[in-house]
Amino acid sequence: MRSYYLARQMLHRDWRSGELATLAFALVVAVAAVAAITLLTERLTQGMGKESAELIGGDLVIRSTREPDPEWLALGGQLGFRTATTYTFDSVLFHGDEMLMAGVKAVSDDYPLLGNLQTRQDRTAPLQIEEGIPSPGNAWVDARILDRLNAELGDTVEFGATRLRLEKILAFEPDQGNSLFQLAPRVLINAADLEPARVLGPGSRIRYRYLYQGEAVDELRDSLEPRLGVGHTLIAPTDDDNSASDALLKATQYLRIASLLAIVLAAIAIALSARRYSERHYDVSAMLRCLGARQPEIVRLYVIQLTLLTGTCAAIGALFGWLAHLGLLAVLKPLLPIALPPAGPEPWLVTIGSAFLLMAGFALPPVLRMADTPPLRVLRRDLTPIPLSVWLIYGIAGVTQLSLLQLLFDDLPDILPVLLLAALAIFTLGCLIYVGLGRLRRRTHASGGLWQRSIRNLAANAGTSATQVMAFSLTLMLLLTITQLRHGLLDEWRLQLPAQAPNHFAFNIMPDALPRLQGALEESPARMEPFYPVILGRLMAVNDLPPEPEDGDEENAADRELNLTWTRDLPADNHILEGQWPPEGDSVSIEAGYAERLGVAVGDQLRFNSGGYTFDVTVSSIRSVVWESFSPNFFLIFSEQVLGDLPTSYLTSFYLPPESKALVTRWLTQFPGMTVLEVDALIERLELVLSQVSLTVELMLVFVMLTGFAVLFAALQTTADERLHEGALMRSLGASRAYLRRAYLAEFGLLGLAAGILAMVGSDVASAVLYQQVFDLEYAPSPWLWLSIPFLAMAAIAIAGYRGSLKVLKVSPARLLNQ
Amino acid sequence: MDNQQDRILDVANVDKSVQVGDGGLDILSGISFTIKAGETVAIVGVSGSGKSTLLSILAGLDRPTRGLVTLCGQPLNNLDEDGRAAVRGQHVGFVFQSFHLLPNLTALENVLLPMEVLGRQNAEETAATLLERVGLSRRLSHYPRQLSGGEQQRVAIARAFVTAPDIVFADEPTGNLDSSTGQSVIDLLFDVNREKRTTLVLVTHDPALADRCGRRLRLDGGRLQEEAPAESPLPEVRNAR
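Along every chain, residues carry numbers that run from 1 in the direction the sequence is written. Each chain takes a letter, starting from A, and each ligand takes a number, starting from 1, following the order in which they are written. Whole-chain, interface and lining totals are the exception, using all residues; otherwise, since this is a predicted model, local features are given only for residues with pLDDT of at least 70 and side-chain atom pairs are given and counted only at 80 or more. Heavy atoms from the whole structure form the basis of all side-chain values; hydrogens and water molecules are not counted.

## Some remarks on the overall build of chain A
Tallying secondary structure elements over chain A gives 23 helices and 22 strands in all. Using a 1.4 Å probe on the protein chains alone, a residue whose accessible area is under 20% of its type maximum counts as buried, one over 50% counts as exposed, and one in between counts as partly exposed. Within chain A, buried positions represent 54% of all 819 residues. Contacts were defined at the residue level, with two residues in contact if any of their heavy atoms lie within 4.5 Å. Pairs at least 24 apart in sequence give 82% of the contacts found in chain A among residues at least 6 apart. Surface exposure of chain A reaches about 36,400 Å², of which carbon and sulfur atoms provide 58%. Each helix corresponds to a stretch of at least 4 residues labelled H or I by DSSP, and each strand to a stretch of at least 2 residues labelled E; elements are numbered beginning at the N terminus. Per-residue accessibility takes into account occlusion by the displayed protein chains alone, with areas from the Shrake-Rupley method and a 1.4 Å probe.

## Here we look at the sheet that holds strand β1 (residues 7-20) of chain B
Residue and element names in this part refer to chain B. Pairing within the open sheet is antiparallel, and its four strands lie in the order β2-β1-β4-β5. Each having just a single partner strand, β2 (23-36) and β5 (74-75) make up the two edges of the open sheet. Paired strands are those between which DSSP finds at least two bridges. Bridge count between β1 and strand β4 (residues 66-71): five bridges; the pairing is antiparallel. Across the sheet, the residue bridging to Leu-9 is Leu-71, located in β4. Where helices are involved, their axes are fitted lines through C-alpha atoms of the stretch in contact, as for all axes, and angles between N-to-C directions lie from 0 to 180°. The strands that helix α1 (residues 51-58) touches are β1, β2 and β4; relative to β2, the one it contacts most, it runs at about 60°.

## A look at the pattern of salt bridges
All names here are of chain B. Any Lys or Arg side-chain nitrogen located within 4 Å of an Asp or Glu carboxyl oxygen qualifies as a salt bridge. If you walk through the whole model with that rule in mind, you get 26 salt bridges over all chains. With a shortest N-O distance of 2.4 Å, Arg-212 and Asp-187 are connected by a salt bridge. Taken as a pair, Arg-212 in the loop between α7 (207-211) and β9 (215-220) and Asp-187 in helix α6 (residues 179-196) lie far apart in primary sequence, 25 residues in all. When its relative accessible area of 34% is taken as the criterion, Arg-212 is described as partly exposed.

## A short note on the interface of chain A and chain B
Tallying the contact residues gives 27 residues for chain A and 35 residues for chain B. Each of two parts loses accessible area, computed with a 1.4 Å probe, when they are put together; buried area is these two losses added. The junction of chain A with chain B conceals about 2,800 Å² of combined surface from both sides, 55% of it contributed by carbon and sulfur atoms. At the boundary of chain A with chain B, the tally comes to two salt bridges. Here a polar contact is recorded for every N or O atom pair within 3.5 Å, except that within protein the pair must consist of a potential hydrogen donor and a potential acceptor, and residues adjacent in sequence are included only if both atoms are side-chain atoms. Along the contact surface separating chain A from chain B lie five residue pairs in polar contact (both at pLDDT 80 or more). Going through the elements one at a time, α14 (450-460), α21 (720-732) and α22 (737-775) of chain A are the ones with two or more residues in the side of chain A that touches chain B. Residue type decides the class: Asp, Glu, Lys and Arg count as charged, Ala, Val, Leu, Ile, Met, Phe, Trp, Tyr, Cys and Pro as nonpolar, and the leftover types, Gly among them, as polar. Its residues placed into classes, the side of chain A that touches chain B shows 12 nonpolar, nine polar and six charged.

## Quick notes on the packing of helix α3 (residues 107-118) of chain B against helix α5 (residues 149-161) of chain B
All names here are of chain B. For the pair α3 and α5, interaxial distance at closest approach is 8 Å and the crossing angle is 30°. As far as their axial angle goes, α5 and α3 are roughly parallel. By crossing handedness, the relation of α3 to α5 is classed as right-handed. In contact with Ala-107, Asn-110, Val-111 and Pro-114 of α3, α5 contributes Val-155, Ala-158 and Arg-159. Looking at the contact of α3 with α5 residue by residue, the class counts come to five nonpolar, one polar and one charged. Geometric relationships in this document are graded by angle, where less than 35 degrees denotes roughly parallel, more than 145 denotes roughly antiparallel, 65 to 115 denotes roughly perpendicular, and other angles denote oblique. Crossings are classed by handedness, with left-handed meaning an anticlockwise turn of the near helix from the far one by less than a right angle and right-handed meaning a clockwise turn.

## Focus on the pairing of strand β15 (residues 562-566) of chain A
The two faces of the sheet receive side chains in turn, since in a regular strand these alternate between them. All names here are of chain A. Summarising burial for β15: four of the five residues are buried, a large majority. Pairing between strand β14 (residues 532-542) and β15: three bridges, direction antiparallel. Pairing of Ile-535 across the sheet is with Leu-564, part of β15.

## Brief notes about the environment of Asn-104 of chain B
Residue and element names in this part refer to chain B. Its place among the elements puts Asn-104 in the loop between β6 (92-95) and α3. We classify Asn-104 as partly exposed; its relative accessible area is 27%. As a C-alpha pair, Asn-104 and Tyr-143 span 39 residues in sequence and 6.8 Å in three-dimensional space.

## Focus on the nonpolar core
In summary, soluble globular proteins display a tendency toward joint burial of nonpolar side chains. The nonpolar core is taken to be a set of buried Ala, Val, Leu, Ile, Met, Phe, Trp, Tyr and Cys residues, with the residues joined through side-chain atoms within 4.5 Å. Ranked by internal contacts, the top residues of the largest apolar core, which has 148 residues, are Tyr-254 and Ile-270 of chain A together with Leu-9, Phe-33, Leu-58 and Phe-169 of chain B. In terms of residues, this core owes the most to one element, helix α7 (residues 243-280) of chain A, which gives 18 residues. Residues within four places of Leu-58 of chain B in sequence aside, it is in contact with Leu-9, Val-11, Phe-33, Ile-43, Val-69, Leu-71, Leu-76, Phe-169 and Val-201 of chain B. Ranked by size, the runner-up nonpolar core spans 38 residues in total, among them Val-44, Leu-130, Leu-136 and Ala-158 of chain B.

## Let's talk about the confidence of the model for chain A
The predicted coordinates should not be examined in detail at positions where pLDDT is low. Residues and elements named next belong to chain A. pLDDT: the predictor's confidence for each residue, scored from 0 to 100. When pLDDT is averaged across chain A, the result is 79; 83% of the residues are at 70 or more. Across chain A, the secondary-structure element scoring lowest on mean pLDDT is helix α12 (residues 390-408), at 61, and the one scoring highest is strand β6 (residues 138-141), at 93. Scored below 50 in pLDDT, residues 551-558 shows 22 contacts in the model against residues more than four places distant or in partner chains.

## Some words on the packing of aromatic side chains
All names here are of chain A. Ring pairs shown here join Phe, Tyr and Trp side chains whose ring centres sit within 6.5 Å, with only the six-membered ring taken for Trp; geometry is labelled stacked below 30 degrees between planes, edge-to-face above 60, and tilted in between. One pass over the full model with this rule turns up 12 aromatic pairs over all chains. Ring centres 5.9 Å apart and planes at 20° place the aromatic pair Phe-608 and Phe-615 in the stacked group. One exposure class covers both Phe-608 and Phe-615, and it is buried. With a centroid separation of 5.2 Å and an interplanar angle of 80°, the aromatic rings of Phe-608 and Phe-638 are classed as edge-to-face. Taken together, the residues Phe-608 in strand β18 (residues 605-610) and Phe-638 in strand β20 (residues 636-638) connect sequence positions 30 residues apart.

## Considering the sheet that holds strand β7 (residues 167-171) of chain B
Residue and element names in this part refer to chain B. The strand order β6-β7-β8-β3-β9-β10 describes an open sheet built from six strands, whose pairing is mixed. Edge positions in the sheet fall to β6 and β10 (223-227), since each of these pairs with one other strand and no more. Across the sheet, the axes of successive neighbouring strands diverge by a mean angle of 20°, strand direction being ignored. In this structure, β7 lies alongside strand β8 (residues 199-203), joined through five bridges in parallel fashion. From the neighbouring strand, Val-168 faces β8, where its bridge partner is Leu-200.

## Describing helix α16 (residues 514-523) of chain A
Residue and element names in this part refer to chain A. Of the residues making up α16, those classed as buried are Leu-514, Leu-517, Ala-520 and Leu-521. End-on view of α16: buried residues confined to an arc of 125°, all on one side of the axis. Opposite the packed face of α16, turned more than 90 degrees from it, sit the exposed residues Pro-515, Glu-522 and Glu-523. The directions from the helix axis to the C-beta atoms form the arc being described.

## Side note on the pairing of strand β10 (residues 207-213) of chain A
Residues and elements named next belong to chain A. With six of seven residues buried, β10 is to be regarded as a mostly interior element. With five bridges connecting them, strand β1 (residues 60-64) and β10 associate as antiparallel partners. Within the sheet, the bridge partner assigned to Leu-60 lies in β10 and is Tyr-212. Sheet analysis places strand β2 (residues 82-95) next to β10, joined by seven bridges and oriented antiparallel.

## With respect to the confidence of the model for chain B
The predicted model of chain B averages 86 in pLDDT, with 93% of residues at 70 or higher. We note a pTM of 0.64 for the whole complex and an ipTM of 0.82 for its interfaces.

## Details of the environment of Leu-328 of chain A
Relative to the helices and strands, Leu-328 of chain A resides in helix α9 (residues 295-332). For the pair Leu-328 of chain A and Ala-36 of chain A, spaced 292 residues apart in sequence, the C-alpha to C-alpha distance is 8.7 Å.

## Here's the deal with the side chain of Ser-653 of chain A
Residues and elements named next belong to chain A. Position of Ser-653 relative to the elements: it lies in strand β21 (residues 649-655). Judged by its relative accessible area of 0%, Ser-653 falls in the buried class. Sequence-distant contacts of Ser-653, that is, excluding residues within four places in its chain, are made with Pro-502, His-504, Phe-505, Arg-527, Met-528, Glu-529, Phe-630, Ser-631 and Pro-632.

Structure, rendered in structure tokens:
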């Protein structure tokens, strides 16, 4: 109790005298950054996960080509999940003399579990949000159905053995997700109509989805997984391969790396300021020991002080972090389509935990060292405590850092090598700087010019100079890396959605209509993609063996009609990964993912059948394709020689500004066979998600920057006392303020230059690794950064250091007489 | 007959007061005296009598509240801090009680420091000779932490004289040393001072040290009195120590 009281008193006095400012500032900023990032990340990922879940129709989905066991739905019910079932298949609708192959989707009562269906009462009516689904006997249909069947809303169409009334125009399905390339126009019906229609039977190609919405996703997944058989696949929002979830995944990874860097930076700031704090308190410890305090008492005293300080700073930091995350959410609000779920206790525990771990790892060792201060220091000021073993200090710091990271990142192994590599690089560079400065010192002439003198002065303080360069360069390296990553991600997203991404797909264009349609499009404000010939075909054999069907793959490309095309012009966002472009003779270029699924490499033989005509080709190249690009893309691109003589239709996509939408209707009547699919809704949605995550990524950068400033501040503080003393002495020896100003600018400038060069080396290495390992992006070092960053660093550190030293110029040199 | 050229330090009606709480505290009042080139002057007084404050005003480290200080022909009142720094660099050397050597510089580098500030080239020889003179010829590349207190003060003496100043101010130069080390340091200080024909002003409360100076000025309650030089120290003063 006495220790606690004394500790509180001492803490209070230190606080009042400003001794604790740097340490407290570093900790508060660190805690605030961690709190804001963990809170925001959790809420956003939950929120964005929700949105993603909407895209696939539930928090967990069983996708299947065989009827799933109804027990599995009941299982979800027992675990508190809401469930629904959808059945999709192609079926023919009749209206008078007209008939049409439609994509039917039959849904159970609770559908949709997430989001809402949207309809129109007629073509020009505003969108209407639906709370339910069509009642039995009614159908909500794609507007194209009305066109093609020559029908009006209210008409009745034949569907199998029953009749359906066309009730509304279906404008939006929340779980449209991947079904962008659904060729047949949609008919949405009540699942109760399946029975009377008798459209289902043996051999009907029906695709089932069991949708689940609820909390205990892991539990449900665990109990479902062992029961699933061949043909059933479990999918979760993050498994889904679509642009939004890909962007979400990368943004989440980015946020996690950003918070990791914020923590590393905070650790540096805390270590630096704690060291300074302890060095300034040797006298206090010596005095306490003189007055009879035993070593354990002093240890206890400082542990209590640190605990009180950490608790207070953690609370303040958490408050700031919470406010900051509210601020960030307010900025993001226009982009957030749904209310975000509140954060659970985890971010708070992580925040408080990381505050204590940071302090235990980085502040405790130097502070504990104070307990070893020999009492004789009271008489002999040159006596300092015996240094703790370096291994002990770095061991404690390393262990706490790792456990902190473990707390925040469950997939630590991903980034651990990068982190270790960076730490090793920095340590090695630090040693090199130390040794290099020692050498330089011997070479420079004592009475040389400004630069020589600055180098010599830095060399004279090799230890602190090396520490400062390491702190600056590490900070700068992390900031550069995170900024580079941000550029990479934002560029990739921008590439995915160019300003005028095609918002219409046109297909079933007959060869005789092609020139006229091309002419019509050219005259219109539309921005066209190339036209591709499309031949339907089926893969029959791979190297003379039948292709192996994949379990549960709804889009089983090995066993379905494929869109085959031929061209000599490589589509804009395709890249040849292997082999030769273009395909010559009897050869085909194959998309990388498809090739992987089939287990096919360059040189393999494939056999196809199209309309009874069988042909063999050799794989001549493997391509990467940006499926998210909204441009026409193909698994298989042949040479003209193979497909040129087969009956073909054409396919393209184009961008049409909203005010010219009426043109589509005109073209549809002009070219009756053609189908046009509008994808504005999907693009808008993707745009929303991308802008949302881009902005978050930008805002997160601000936090990392802020911790970076804390390091800069703490690193400059480490030598502030020495500089104050040295400055006063220099002035008593006749140095003018201009002289000192020049000296500070030169010294800090040199520190900054060295830090800038090291940071560029480090960030190029780290970015290259992160780009390839984590984000799957290409990395190219930028010569502009190499030319600018070292000098920017030089200027920035020179100015920051100079500003920090202004105090030296103001303080009276007479203080030397009072020491 | 005072020759204007001989007067190295002129102090006229100097007051110094500081703000403490609501009121002012007078530390020095009505101080006037003159020091001629080559003199050795001790400023003595009890602790808190304002000795160090007076010294910092004389050396241009601090400004008086009122009054005029002329150092080496330069009226300090008219100069800003940089102007006073220039005067210090050109004309003044310092020896401090706690040495104030820079811990990361070797003995030689510490002595070279004032030369660097003045931008004087090829000063190493001068510095090395001076260190030799103070008996540290084998310690040139040692750091302050590798030197004893007495040795550190010798380095400080070499630093004070390296620029060949006109006047050296010493603030309790033996205050941090034991008496025998202090004695030898003082011998050295006086010897070098005599060799270099420098004026020496030192602040001390050590009567023995004060007695070695040609003049003795006593500060009492902020006022200065000239004391008669004691050719032989009084026995009772010795006993009092």
